[in-house]
Each structure stands twice: as C-alpha cells, then as structure tokens.
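Each chain is listed here by its residues.
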Amino acid sequence: IHFILLFSRQGKLRLQKWYTTLPDKEKKKIIREIVQIILSRNQKTSSFVDWKDLKLVYKRYASLYFCCAIEDQDNELLTLEVVHRYVELLDRYFGNVCELDIIFNFEKAYFILDEFIIGGEVQETSKKIAVKAIEESDMLQETVEEYMNKPAF
Amino acid sequence: MSDVVERTLSALPGLLGQHDPGAGPGGAGGPGRVSASSRLGSLIRSITALTSKHEEEKLIQQELTSLKATVSAPTTTLRLMKECMVRLIYCEMLGYESSFGYIHAIKLAQQGNLLEKRVGYLAVSLFLHENHELLLLLVNTVVKDLQSTNLVEVCMALTVVSQIFPREMIPAVLPLIEDKLQHSKEIIRRKAVQALYKFYLIAPNQVQHIHDKFRKALCDRDAGVMAASLHIYLQMIKENSSGYKDLTGSFVTILKQVVGGKLSADFNYHSVPAPWLQIQLLRILGLLGKDDPRTSELMYDVLDESLRRAEINHNITYAILFECVQTIYTIYPKSELLEKAAKCIGKFVLSPKINLKYLGLKALTYVIQQDPNLALQHQMTIIECLDHPDPIIKRETLELLYRITNGQNVIVIVQKMLDYLKESKDEYAIINLVGKIAELAEKYAPNNEWFIQTMNAVFSVGGDVVHSDIPNNFLRLLAEGFDDGEEDLQLRMYAVQSYLALLEEEDKLYPQKFLQVMSWVLGEYFSLVTDVDPEVILTKLHSLLKKTFVTSETKTWIMAAVTKIASHTSCSKTVDELVQELSSSLDTCLRQYAFELKHLCEDKALMKSLLPFDASCTDLVVDASLSFLDGFVAEGLAHGAAPYKPHHQRQEEKLSQEKALNFEPYGLSFASSVSSSGVTGRQSPTGLSFGSDTSGNSAETGHKETNTLKLEGVRKLWGKEGYLPKKETKTGKGKEPQAVPCGSLLAGQVGEPPALQPDPAASLSEEDKEKQQLASTLFVGLGSSAGVSLMGKPDTATQKFKRKSKINETQQLSEEASDLQNSAASDFGPLLDTVPINMEDSEGSMHTRLRKASPCSSDNVEDNLAFETPQSLRKSMLDDRLSANRLSQSSLFADSNIEIFQPSPSAQCESASETPLVPSLPEELEELPHSEVVGLCQSDALALHLCKVWTDDSLLLIVFVSNKTTSALCAVNLVFEETEHFQILESATSQFPVIEAQSVEHCQKGMRMNKVCTQAILSGSVGYQSEMETRLEFSVTLSLMDFIRPMEMTTEDFGKLWLSLSNDVKQNIKMSSCQDSFSAALDTLQQKLKLHRVDIIGNEGILACQLLPSVPCLLHCRTHSGMLALWFRSPCAALPDGLLYQCQRVMEES
C-alpha cells in the first residue's frame, strides 16, 4: 500500500497516511487529483481505478470514502478488505462509528491505523488484539488521570 | 496574554457552530469520545461552517499564527503543547504548511508523559519524511524509550521506528531492537520484527547478520509474530528464492494449519482464518515453487486444500482464491490443480459483481499464456467486457487481448485498442497502449497499407508522449527492410504517399515525433514516388519550417530531408529561397544547415557522393583516430606547437603541482577520465569524428547508434510461431472457433453454464450475432492446432516484419571501433581490412547469444539450476535447518493444539556415505593451509572430493576424481560453469584421458573472486564416456573468506592508504563476555578472518587484509563500554559490507 486517504463526499480530506516519501507539493496534487477521480465515478462501477502506474482501491462508507493506492501485482480484493477491517476496528473502538468521530478524533483514527498497518503492510489480523493494544495505552493514560479530568482539550 | 486572546478568538466560532445540529458527536460515548467543546472541536466546527475557500484560508492562517506564538512561548505546558500538535496536524491535513511546529513535535515526543509522547510521535511520523534532517533529533528519544521499562513506551518507540527512521542511524538502535525479539510480550516481539522488516527494506546489509533470528521469529509461538516475520521472508525470497527452498516445508505446514483452522479464532475475519496470513504464504510459495518441480511437489496438497476450503461467498475468500490461482499457475504445473484453478477463474469471470469480474479478467490475463483455451471458454464474457462502461475493465480486457494476438486477429484487436486510445486522456495509459499497438503492428501486420495506417494512428494519437523507441524502431524497419526487396519498396512507397496526403491538409497540427518520422521518410524515399514533383515536396517541407509549432529539433530533421531531396534535383527555387531565409535565422543549428546546403548546392558532384540514395543502412567507416589529420598535426608540431595532452594527463599534472594541498585522493576521477579517453583511442581532441561536414546521413547514423543500444531492452514475448498452445487440451471438443458457422462456435462452449447457450439457429438476436462475429474474429487462431489447419493456414503467426540481422550491426561497429582503436594505434592500415571479418564474427556470436537467451532454453538452464541448488545448499544449510527444526518443535504454536511438523526428509538424507577411496593431498600442497577433503558427489562409478587450498595469491580448488569401478574410465571431463562471482584462472575444464580402476586422479583450479559476495555457489559437472554419455553434477560453496588474505603494512602506510580510500562502512557490534578484553577480540578477528594486525594503540586497533588478487580493505576498531566499533574502508564498495558480515558472524560465534 502506497498511501491511504480518507475524504468526505464533499471532497474534504479527513485523514492521510503516506507510506512512500513524496514532497508536499506532490502530495497535494495527488490528493486533489484522486479525490476528483473518485468522486466523479458513478456508483455502479467497480471499486478499482487505474491511476498512473498504481491502482486505487476505494470504498464508500456512509459519507466517507476510504481510498488506498496499491501496486499492480497486489491483490485488489484483499485491499478492499483491509479497508473494511479498518472500518471494523474503528467501529469497535468508537462504538458505532460515524464520520464525526473521525473528524473530531482523527488522532485516534491514526493510532488505530498505525496499530493495523505499518509501512504499508497489514500487521495485525486479530481485531481483538489491535483494539486491546489501543485500549491498553488509553488505560494507562487514565491511570495517570490525565484523560479524565482535563477539560482544556 | 496572547493565550487569553487566542482562547477568546477560537471560542467565538465555536459558539456560533453550536447551532449546527449535526456538529456534535451524538450517541453514547465510546472509550475515545472527546467532548466537542475542545478547541480543536471548535476549530473544526467553524471550518465546516464556512462557505468559501477564502474564508477558510483566513481562519487557518489566524489559527496558525496563534499556534506559532503558543508553541514557541517558553511557558507553554506540555499538555497545551499536545493539544497544539493535534491542531497542527489538522492544519497540515487541510494543506497548510506548519513546519514551525515540527521541532516541537520532536520535543513533545521526548519530554511528554505517555499521552503527550504518543501525540508527539504521531505528529513526527505525519510531518516528517525519511530524509528529513530533524529526524536525527528523534534518535535519542527512541533509544531512551526502547530502554524504558514501560511497555507502552517501548511499543510507541517501535511503532515509530518501523514507520520512519533515518537509515544512517540504524546501528544506534539495532542491538536494542534485537534484544526485544526475546521479549516476553508478543506485541513487543511483533513490533520488533516489524521494525527489522523496515530496516531490511531500507538497508538490507545492516541486518544481514540476524537472519537466524528471523528464523526464530518464524517459529515464534505467537502467530502474530510469525505473521510479521513473513513480510521479511516474502521480501527476501523475492530477491533470492533459491536461498530459502529449505523453508518450503515450514511454510506449507504453517499454511496447512492456518487453512485447517488451527489458529485461535481471534484471527478469523468473517470466519475465514487469518486471510492476510494465508495470502502472504501463498505468495511465498508461488515464488519458491516457480520453475522448480521438486519444491512445487510439496505444495500441491495444501494448495488443493486452500481451494477447497475457500467456499464462503465473501470478498475475502475470493481474494484468497485469486491468490491461489496465481500461485498454481506460477509454480511447476500440475494438471489436476490447473483444472480446478481454471474452474475458479470461471467463477470470477462469470460473476455479476463487477469487482470480481475485474479480478477474473486479471487472472485470465495472467494465465492466458499457459492456457489459451481458457480465453475461448470465456470469449463471450470478454467481448461484453470490451464495451464495459468502466474503463478499468476495458483496459484489462485489452491487456488480455494483447496477449492472445496473432496474425489473424491482429486487425480487430488493434482497432479496439485504437478506439480505447482515442477516448483515453490519461498520459500513462496512452504511453502504455501505444507501445503495445506498435509492437503488435510490427509483429503481425497483414499488409503494408494497414501497417502504415496503424503507425500513423499511433503517431498522431500518441503524440509526443510516445516512447522514443517507437519512431526509431519504425524507421529502422523501413530502412532495413525485410527479406523481400519488392515488398520493401512497396512499403516505403506507400509510406511516402500517405505522408504526402497527410501534409496536404494545411493547418493540421501533428506531433513533433510524427513530423520527424515523416520528414525522414520523405527525405530518404521521395524518389520512389515518381508522379510527384520533388519541388512539391520541398514546398511542403518549406512551409512546415515556417510554422511556429514546429520545434527546432524537428526543424533540423526537416532540413536534413530538404538537403537529401536537394541533392537529387537540379536547381530548385524553393531551396534557394529557403537557404536565403535561414542564413539569417537566429537558430545557429538551422543557420549552419543552411550554409552547408548552400555550399553543397554549389558542388553537386560532392553532394551526390555525400548523400547517395537509399544509403541509410550502409555503414559508414569512421576514421575515429583522425589519421587524416596526422599531416596537419606534424606540421603544427614542426612549427613549435605544444603536443596534445589528453585530459587525464593534464589533470594529473595539475594535481602534481598542487600536491602540497592535496589531502584527498583523486582516484575516482582519474579512473573515469582514463576510460573516457580510452574511447577516443589516439587521444584525438575531438573524439569520434562523424564527418561533421556531411549533414544528413551521418546524423541519422548517429541517431541509430543510440537507438540500437536501447533495442536490447525490448521484450520479445513472442516466438516466431506466434502464440501456440503448449499441449493439446483434453477437452478438445471442437473448441476451435471458426469464422463461418455459428454452430461450431457455440460448440466450443460446451462446458459452460446454459445461460450462455441459446439455441444457435433461432434465438440469436442481432446484437448477439454481432458479438459472435466479433468473437470469431478475435479468437481465431487460438484453439488447438487442428483448428488452425482447418483454416488452411498452418502458420498461425505470419510474422511479417522480421528484423534483419543488421539491427545490431551499427552498435557492433561502434564497439568494434573502440576496440580496434586501442590496438590500432601503431599500425592502422592493415587492421582496417579486418574490420568486416571481425564484424561478421562477432555478429555471429551475438546471434547465438541472442538465441541462447530465448525463453525455452533459459528455462532449461533455470531448471538445471533449480535442481542443483538444493543439493549444494543441503550441506551448508544442514546445521541451520536442524536447529530451526528443533526450535520449531519446541516452540511453534506451543500453546495451541497444533501438530508439530517433522523435519523434512531431505534434511536427514545427508547420510555420510564413505567411499573406500579416500583421497589425500599431494605433498607439495599438504604444507599449505587447506581445508579438509570433503565429498562433493558420487555415482556408482565415480566419486568427487574437494579440498580448498589457500595459497598466497589465489584459492586453489583441488578436485579428486576417484574411479570406483573395476575397469578404467576413459575421457573423464570436468567442467566448471562460469559465474559472475568467480573467475577461474587458466581454463574451466580439465580432462583426464583415463582413470584406472580403483584409483584417484586430481586436478587443481586457481580461483579469484570477481564480484564480492559473502558466499556464492560454483557449480560444475563431470562427465565420462561409457556406453552412454554420463554426467554427474556438483556444486561448491565458496565464501568471501576463501579469498581474503592478510595484508602486511606499516602503520604509516596504513594511514596513507586509509585517507585515499573512499568507501566506508561503520558498525557497532556487541562483544561477548569471553572477549571482554580488546586484544582478545582482535585476536579472534585476526585468527578467524585472516586479518593482519597492523598496530594497537590504547583501545584502538588497526587491521588490514586484501581480497585477492590485491584489493585492500582496512579496518579500524575501537572499544567502548562493551561495544566494538568497526570502521572499514576499501576501494571496492561491496567489500566492507561483506567483511562486516563475517566479523559479526565470528564475534557472535566466539
């Protein structure tokens, strides 16, 4: 996986994670281009798009698009399931996740993603363990009593 | 103060936003829900409430300014900093630069408590990239956290390391991470493996020494850790599959257990056990089993089971099935499995789900070369997909068609591709497709008109993005022609005519490359068209020259054409006019052309001799030594001119003058200047002189030379016979499609679901008929060979445009020329005569080489190799494997109820069978350092033993051949195969005319290492004459250490040499307890690695060695707190890496 983008139906970026090194300008251009390509596709087409020498695999969950860029020899269906598993993880963590959860707690979404995919490879296939890892670190925060009584955030 | 202002500011829009009913996160709070009244929340809400981009920009700038003030204020608490970081991340995501906060992100990671640290690390991993300079500041924090007793801190550090880490700092954390591999928590072990995977990707040689630890990770009792290690293995096996064949058994066992559901249910995904793991394993197996029947044998069962188990109708099972199919078609084929896989592909292709259909096409494309009949089975689906609204499906279908193109269906397929091309706007897709069309057109063109028209379409649609190979190949094809001279003329004539017609349209814009092609062809072959006055052509070219859209490069092409045409016409008004105009052109190049043309026009005879007609293929003999200038030079010298000094000589002299200041060596630049001047042979100042006064032809030859070089890279997928099925299909129920009867076409689909089988005669709608028609044209010539002969065309692919052998000639010539120049310095005259002969020779050898590289024979070679390696590796891997197996027995999934796999039988079969004939070294060699005599291989008649003797200047391999039979063996021939790594001194073969019964003969071979590697395999074979030719193959593993010798030198010499060497490698390694003293460690290195100890001063030591014949490598070591810092330098880049690996090995062993 080269990168993952989450964006809304209005084309607003909600989360971006890059597993290849690119200059910022390039990234912005790519994001603009991809958001446009995907938003302009109609619902009946497949979830895959050729893009340069890569392939985009995307899926829409409610108002949010999840999009991954993969190489030609990668397995498209599997990537689709990666996205789905990520959504499941989010769902489990937030409990009935919605776009707003991701907007307001995007750093949490990042933490979960980092638990799940590292360096562009899926690393944990067990849902329970991934969520547990996050919750564990959250728990530790609570013992510091940082998390509970900090209204400033 | 500013803080307060900022608070009020950001609170304002937050208050406004609260009216928005959807803005607050509703519902019950999960563990992570944060109150939306936070400042980030208000920021986000106010941004959502904005309507214009401009307002957003203003707000964010405001936000950034206040953030900047806050983060740089010394009073800001870490907690506030954390909150600022989150807001910064948000701003960055919206596309606003916030680099001022990067350094604070690092600080936060360093100083914060857990929660703050986590945000700090996250911000770092999002803000920075791998080569960012600030990243170095993170290293200390990571090291500290890795040593922390808090698991979460360790976890965070490992996570960040495996995402982003500066390559040069790997040594600083590597030992810590290695330690973590033994950690009691699975999650830590898993993340450590992940981090090592990252290191392996960015700096493979730094983790060379821990390969056995990867093996341990593979056998870890936690499946997560094992899965993580598979990433590393997949990568390593991709690079070198032969090195890991011994692990096939383990991978198969793991997959079996996973497929069998023996993993904990945690790993299930929609009740499919660990799909990611499965797919990873399938990929690994595919790589291992490729072209290797023996290894493939091991996996057939488990692949079959995977296919069977994947039955639930869910995306994830389809993903696994797809991977299975690919693996099955990648490994050595087994007919039953292939059949099942083919059925599987059918499921995909016929699926109504568009995603699955796409994957089905992708799979078909992958397997079609092995089994073209599959395409026949699915022809109707393929036709439907061809007009699919989704471009990706269309493109994949075209890709599929591209692979089944032959002489009979090329017209239809290329037409489809051109149609797609015209709709496509994506540059990448255009380049790709245009290349394919050009390739197909060249290979299968049915006639001249079609070929030229197709190429015209390619050039005009493809525009200037087409790869430059395409026009170049096309022109060469035209110029060199084919076997039939008459055909050639026709083709060229047609080309000229069509271009003239195209240029007729006045204001049409053509791509530059197309114009270049046109002008070349017109210039070269205008006279073939007799009914057009050259003057007309000249006028057209002239008008092109005036156009503004024509680039100056194209203009020079046009000028060259004009010159050529002008040489064959008497006075032309257009030419005069043109010369007049361009003589004052601002473009110097054009002006020069114009002047040349003017002068040439004045001397028609010279012009004719310079520009003979249709001479583009005649090779120009270039006097690269510029011997015709000798008189001029002699005269100059006689008049007291300074003799010419080549570049490197001048540089050297300059250096020697500056010697006092020169601290750094100039070795590298010296070498390159030598080689560059070597090309010019006699050190002529202008280099190759391509008769710069002749304009047209020589320029083209120059072009062509560079083109021919590129040609080597062109893939030749297709044999002369085009695309023929490998074997007769068993289900050959008349699957040969015919153009004529519809009935037989449908008969071809017997095995398919009835849905696709309407009554052929009655119910065919118009549309269907159309499709059938298309199918019959598309899939013609694909079925079994019987079908082909029915068509009355035994030769499916009439490869029309065969390239003549001339292709390589020009390149040859240049190579030849440079070779010759070196030797020709003394007597040039006679050597010139030999040029043609030499050329023919080398051309011949070139062709045999090319032929050798054809796919079928290379397969053979690979097969042989694959057969050999297991044997040869067996010995060296034996120990490893045994230990790995032992480990696995004790720890693999020890906590779950999984059966433990047994060591593979091949590991045990290494029973040392002693031969009665034990050879011994001859006396004169006995005194030299040497290895033990070990058995290489044996048969009933022969036994081979080997002994390595390490002499001062080479490695001697002593091979003993013992005759075990009771009769003498004749003509025993021992041959070593050439490898890139080693050089065999003298010859690679040895002959024993006769070996008496029950006796031993030996031969010796001196070896050198050409390409540095830690170890490599040298294989060879021994054959002898009995009733039939008998061969016995063997292989020897030679390691780098076989070629390393101590190098004696003084400390001063060391110092000088040290400064002059450029490639260096540094690494810290741990010293084990028994070598606590520095000198003990040095002793180990000295003894085990044959290094020469030059000097020891305090806790520093210097050592030197050389790679035979004389490549030095210097080592500087220093101890500090239990670590040994090694610093290598050598002129050879690969040598320090190799030695470092050896050092790590011996230090770990001792």
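Described below are features of the structure shown in this document.

Each value, and the rule that gives it
Residues numbered from 1 in each chain as written. Chains lettered and ligands numbered in written order. Predicted model: local features only at pLDDT ≥ 70, side-chain atom pairs only at ≥ 80, totals over all residues. Heavy atoms only, no water. Helix = DSSP H or I, 4+ residues; strand = E, 2+ residues; numbered from the N terminus. Contact = heavy atoms within 4.5 Å. Areas by Shrake-Rupley, 256 points an atom, 1.4 Å probe, with all protein chains shown as cover. Buried < 20%, exposed > 50% of the residue type's maximum accessible area, 1.4 Å probe, protein only. Axes fitted to C-alpha atoms, helices over the stretch in contact; angles between N-to-C directions. Parallel < 35°, antiparallel > 145°, perpendicular 65-115°, else oblique. Left-handed = near helix turned anticlockwise from the far one by under 90°. Nonpolar A, V, L, I, M, F, W, Y, C, P; charged D, E, K, R; others polar. Patch = residues over 30% accessible without salt bridge, like charges linked within 9 Å, V, L, I, M, F, W, Y side chains within 5 Å. Salt bridge = Lys/Arg side-chain N within 4 Å of Asp/Glu carboxyl O. Lys, Arg positive; Asp, Glu negative; His and termini not counted. Charge placed at Lys NZ, Arg CZ, Asp CG, Glu CD. Phe/Tyr/Trp six-rings, centres within 6.5 Å; stacked < 30°, edge-to-face > 60°. Lys NZ or Arg CZ within 6 Å of the ring centre and 35° of its normal. Pairing = 2+ DSSP bridges. Buried area = accessible area lost by both parts, 1.4 Å probe. Polar contact = N/O pair within 3.5 Å; in protein donor to acceptor, adjacent residues only side chain to side chain.

**Side note on the overall build of chain B**
Then, in step 1: Secondary structure summary: chain B contains 47 helices and 17 strands in total.
Then, in step 2: Restricting to contacts in chain B with at least 6 residues of sequence separation, those with at least 24 account for 68%.
Then, in step 3: Of the roughly 52600 Å² of accessible surface on chain B, a fraction of 54% belongs to carbon and sulfur atoms.

**Looking at the side chain of Gln512(B)**
Then, in step 1: One can find Gln512(B) in helix H27 (residues 512–525).
Then, in step 2: For Gln512(B), a relative accessible area of 12% gives the class buried.

**Considering the packing of helix H18 (residues 354–367) of chain B against helix H21 (residues 391–403) of chain B**
All names here are of chain B.
Then, in step 1: Two elements in contact, H18 and H21, have axes separated by 9 Å at closest approach and are oriented at 20 degrees. Between H18 and H21, the crossing angle belongs to the class labelled roughly parallel. Between H18 and H21 the crossing geometry is left-handed. Along its contact with H18, which presents Ile354, Tyr358, Leu361, Lys362, Leu364 and Thr365, the element H21 presents Ile392, Ile393, Arg395, Glu396, Thr397, Glu399, Leu400 and Arg403.
Then, in step 2: Each residue belonging to the contact of H18 with H21 can be placed in one class, and the counts come to seven nonpolar, two polar and five charged.

**Regarding a positive patch on the surface**
Then, in step 1: On the surface, Lys25(A), Lys28(A), Lys29(A), Arg32(A) and Lys52(A) cluster together into a positively charged patch.
Then, in step 2: Here Lys28(A) lies in helix H1 (residues 24–39).

**With respect to the packing of aromatic side chains**
Then, in step 1: Counting across every chain of the model gives 25 aromatic pairs over all chains.
Then, in step 2: Relative to Tyr358(B), the ring of Phe48(A) has its centre 5.3 Å away and its plane inclined at 45 degrees; by these criteria the two rings are tilted. Of this pair, Phe48(A) sits in strand S3 (residues 48–51) while Tyr358(B) sits in helix H18, placing the two residues on different chains.
Then, in step 3: A residue is classified by how much of its surface remains accessible, and Phe48(A), at 0% relative accessible area, is buried.
Then, in step 4: Overall, Tyr358(B) belongs to the buried group, its relative accessible area being 0%.
Then, in step 5: Measuring from centroid to centroid gives 6.4 Å for Phe322(B) and Phe348(B), while their planes differ by 75 degrees, and the two rings are edge-to-face. Note that Phe322(B) is positioned in helix H16 (residues 315–330) and Phe348(B) in helix H17 (residues 335–350), a separation of 26 residues in sequence. Note on accessibility: Phe322(B) and Phe348(B) belong to one class, buried.
Then, in step 6: Above the plane of the ring of Phe111(A) lies Arg118(B), whose end atom (NZ or CZ) is 3.8 Å from the centre.
Then, in step 7: Over the ring of Tyr402(B) we find Lys436(B); its NZ or CZ atom is 5.1 Å from the centre of that ring.

**Section: the pairing of strand S16 (residues 1111–1120) of chain B**
All names here are of chain B.
Then, in step 1: Counted residue by residue, S16 has seven buried out of ten residues, so it is predominantly covered.
Then, in step 2: Pairing of strand S15 (residues 1100–1107) with S16 involves eight bridges; the strand directions are antiparallel. Counted as the bridge partner of Ala1104 is Leu1114 from S16.
Then, in step 3: In this antiparallel pair of consecutive strands, S15 and S16, the connection spans three residues.
Then, in step 4: Taken together, the seven bridges between S16 and strand S17 (residues 1123–1130) define a ladder with antiparallel strand orientation. For Cys1117, the partnering residue across the bridge sits in S17 and is Leu1126.
Then, in step 5: The turn linking S16 back onto S17 is made up of two residues, and Ser1121 within it adopts a positive phi angle of 40 degrees.

**What about the pattern of salt bridges?**
Then, in step 1: The tally for this structure, following the rule as stated, stands at 29 salt bridges over all chains.
Then, in step 2: Where Asp72(A) meets Lys55(A), a salt bridge forms, and the shortest distance between an N and an O atom there is 2.6 Å. Of the two residues, Asp72(A) is situated in the loop between strand S5 (64–70) and helix H2 (76–94) and Lys55(A) in strand S4 (residues 54–61); the sequence distance between them amounts to 17 residues.
Then, in step 3: Here Lys55(A) falls in the buried class, since its relative accessible area comes to 1%.
Then, in step 4: Here Arg215(B) and Asp246(B) are joined by a salt bridge, their closest N and O atoms 3.2 Å apart. Of the two residues, Arg215(B) is situated in helix H11 (residues 211–218) and Asp246(B) in the loop between helix H12 (223–239) and helix H13 (248–259); the sequence distance between them amounts to 31 residues.

**A short note on the packing of helix H29 (residues 552–566) of chain B against helix H31 (residues 588–602) of chain B**
Residue and element names in this part refer to chain B.
Then, in step 1: Orientation of H29 relative to H31, taken along the N-to-C sense of each, is 5 degrees, at an axis distance of 10 Å. In terms of orientation, H29 and H31 fall into the roughly parallel class. Between H29 and H31, the residues in contact are Lys555, Thr556, Met559, Ala560, Val562, Thr563 and Ala566 and Cys589, Leu590, Tyr593, Ala594, Leu597 and Leu600, respectively.
Then, in step 2: Tallied by class, the residues present in the contact of H29 with H31 amount to ten nonpolar, two polar and one charged.

**Side note on the interface of chain A and chain B**
Accessible area lost during the coming together of the parts is what is often quoted as the interface size.
Then, in step 1: On the side of chain B, 76 residues touch chain A, which itself brings 70 residues to the contact.
Then, in step 2: Between chain A and chain B, a total of about 6800 Å² is buried, with carbon and sulfur atoms accounting for 58% of that surface.
Then, in step 3: With a closest N to O distance of 3.8 Å, Lys12(A) and Glu56(B) form a salt bridge.
Then, in step 4: Along the contact surface separating chain A from chain B lie 16 residue pairs in polar contact (both at pLDDT 80 or more).
Then, in step 5: Broken down by element, the side of chain A that touches chain B gets its largest block of residues, eleven residues, from H2(A).
Then, in step 6: Partitioning the side of chain A that touches chain B into residue classes produces 23 nonpolar, 17 polar and 30 charged.

**A closer look at the sheet that holds strand S9 (residues 1000–1009) of chain B**
Residues and elements named next belong to chain B.
Then, in step 1: Pairing within the open sheet is antiparallel, and its five strands lie in the order S3-S4-S5-S9-S7. One side of each edge strand has no neighbouring strand; the edge strands of this open sheet are strand S3 (934–938) and strand S7 (982–984). For this sheet, the mean inter-axis angle between neighbouring strands, taken without regard to orientation, is 30 degrees.
Then, in step 2: Looking at chain direction, strand S5 (residues 955–963) and S9 are connected through eight bridges and run antiparallel. The partner of Ile958 across the bridge, within S9, is Gln1004.

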